[in-house]
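So the chains spell out like this:
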Amino acid sequence: MTQSNHPLEKWQTPAIKDRNQRITERPKALEINALEKSFEHKGKTNKVLDGIDFTAYKREFVCVVGPSGCGKSTLARLIAGLETKEAGEIYVENKAVVEPGPDRGMVFQSYSLFPWMSVKENVMFGLTQSGMSKNSAETEALQWIDLVGLEKFSEAYPHQLSGGMKQRVAIIRALANQPKVLLMDEPFAALDPQNRLRMQQYLLEIWQNIDITIFFITHDLDEAIYLADRILVLDANPGRVHEVVNVPLPRPREEDTMLSPEFMATKEYLESLVHPPQPELDFEEKLSMVRLVPVNAEVPDIF
Ligand SMILES: Nc1ncnc2c1ncn2[C@@H]1O[C@H](COP(=O)(O)OP(=O)(O)OP(=O)(O)O)[C@@H](O)[C@H]1O
Ligand SMILES: [Mg+2]
């Protein structure tokens, strides 16, 4: 598809194009070259990621979408250094990834806090691990906790917090270690819609104020459009880059951004990429194949 007949071209205003251009002129924060990954399953090799190329620039917000099983989590785990790659390269600020390191922070869907530690101890953990004194770590942890409005809960334990509060702690615990790239794998998927929106707004506010590049995996297209500068769309079996979509929305993003025609157009386009139209199901035919309880004639028909 050429640039001029791309379905989103009409929304790519000069200001949006200029912004995207300036992002790609920044230094590279994350570079993925010809990345390959397979898993063995029951004696068969299953190619999960097949030749992934992608670059995220400093302070960019990238979202990743794609069908279930296309390898999004595997990609995040490879970047985190938690999986070994089969071929290709990953660099974070020009340093090759070979193992987990403090330059990458991770926040998962499942709350990854240590349940036996208080909020404050959870946030202090990485700081003391990297050699900070207990006193300084405590002062710094309390500042982070204050930033996300959890000062009354610094001595609480994870089981005493709501889902949204736990994720706020998980985010600041990752950020306190000053990573260059924050990897987030469906971090808000378990939250109800209202809390989810609040967390998205929190995250945008934090991101706008600190030097961090965010690589955010989600199934929720609204979430991806609302948050991202660019959206990496992956195909499944094997996972490949289908397209990198420039989100044609200015910043800052407000709640009613989601009602704008450019938002709707982006969503419709992404839906066509991620959930291509399915052939019509022959419902009557399929119905005749399952075992059903016949309609009781005594119950009045309401259809
Ligand atoms: N440790 C493993 N061993 C074997 N196969 C694995 C392993 N981890 C992932 N896979 C397989 O790799 C494929 C991609 O999995 P992955 O979890 O990365 O997908 P995903 O895109 O994150 O899916 P979802 O959207 O459902 O979270 C799947 O087929 C999965 O079964
Ligand atoms: Mg996943």
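- With an unreviewed UniProt entry as reference, the chain is termed Aliphatic sulfonates import ATP-binding protein SsuB, source organism Hydrogenovibrio crunogenus.
- What UniProt states about the chain under its Sequence similarities (unreviewed entry) heading is, verbatim, "Belongs to the ABC transporter superfamily."

1. Side note on the nonpolar core
Here is step 1 of the chain: One finds V62, I79, F215 and I231 to be the most contacted residues of the largest nonpolar core, which totals 71 residues.
Here is step 2 of the chain: Looking at this core, the element that brings in the most residues is helix 5 (residues 163–176), giving seven residues.
Here is step 3 of the chain: Setting aside residues up to four positions removed in sequence, V62 forms contacts with A56, I214, F215, F216, A228, D229, R230 and L232.

2. So, unusual backbone geometry
Here is step 1 of the chain: Across the junction of N237 and P238, the peptide omega takes the value -5°, indicating a cis bond.
Here is step 2 of the chain: One can find P238 in the loop between strand 9 (230–235) and strand 10 (240–246).
Here is step 3 of the chain: In the segment running from R251 into P252, the intervening peptide bond is cis, with an omega of 0°.
Here is step 4 of the chain: Tracing the backbone through its elements, the reader meets P252 in the loop between strand 10 and helix 8 (261–274).
Here is step 5 of the chain: Look at N94: it is not a glycine, yet its phi comes out positive at around 70°.
Here is step 6 of the chain: For N94, the location among the structural elements is in the loop between strand 4 (87–92) and strand 5 (95–96).
Here is step 7 of the chain: You can see N237 is positioned in the loop between strand 9 and strand 10.
Here is step 8 of the chain: According to the C-beta neighbour criterion, N237 is partly exposed, with 13 such atoms within 10 Å.

Analysis parameters
- Note that residues are indexed from 1 along each chain, following the sequence as it is written.
- The order in which chains are written sets their letters, starting at A; the order in which ligands are written sets their numbers, starting at 1.
- Local features in a predicted model are, by the rule used here, given only for residues with pLDDT of at least 70; side-chain atom pairs are given and counted only at 80 or more, and totals for whole chains, interfaces and linings are based on all residues.
- UniProt positions are given in the numbering used here, feature names are shortened, and annotations may be inferred rather than shown by experiment.
- In these notes, a nonpolar core means any group of buried Ala, Val, Leu, Ile, Met, Phe, Trp, Tyr and Cys residues linked to one another through C-beta atoms within 7 Å.
- Put simply, a residue is buried when 20 or more other C-beta atoms lie within 10 Å of its own C-beta and exposed when 12 or fewer do; between those, it is partly exposed, and each C-beta is set from the backbone.
- Counting from the N terminus, the helices are DSSP H or I runs at least four residues long and the strands are E runs at least two residues long.
- In this description, a residue-residue contact is defined by the distance between C-beta atoms placed from the backbone, which must lie within 7 Å.

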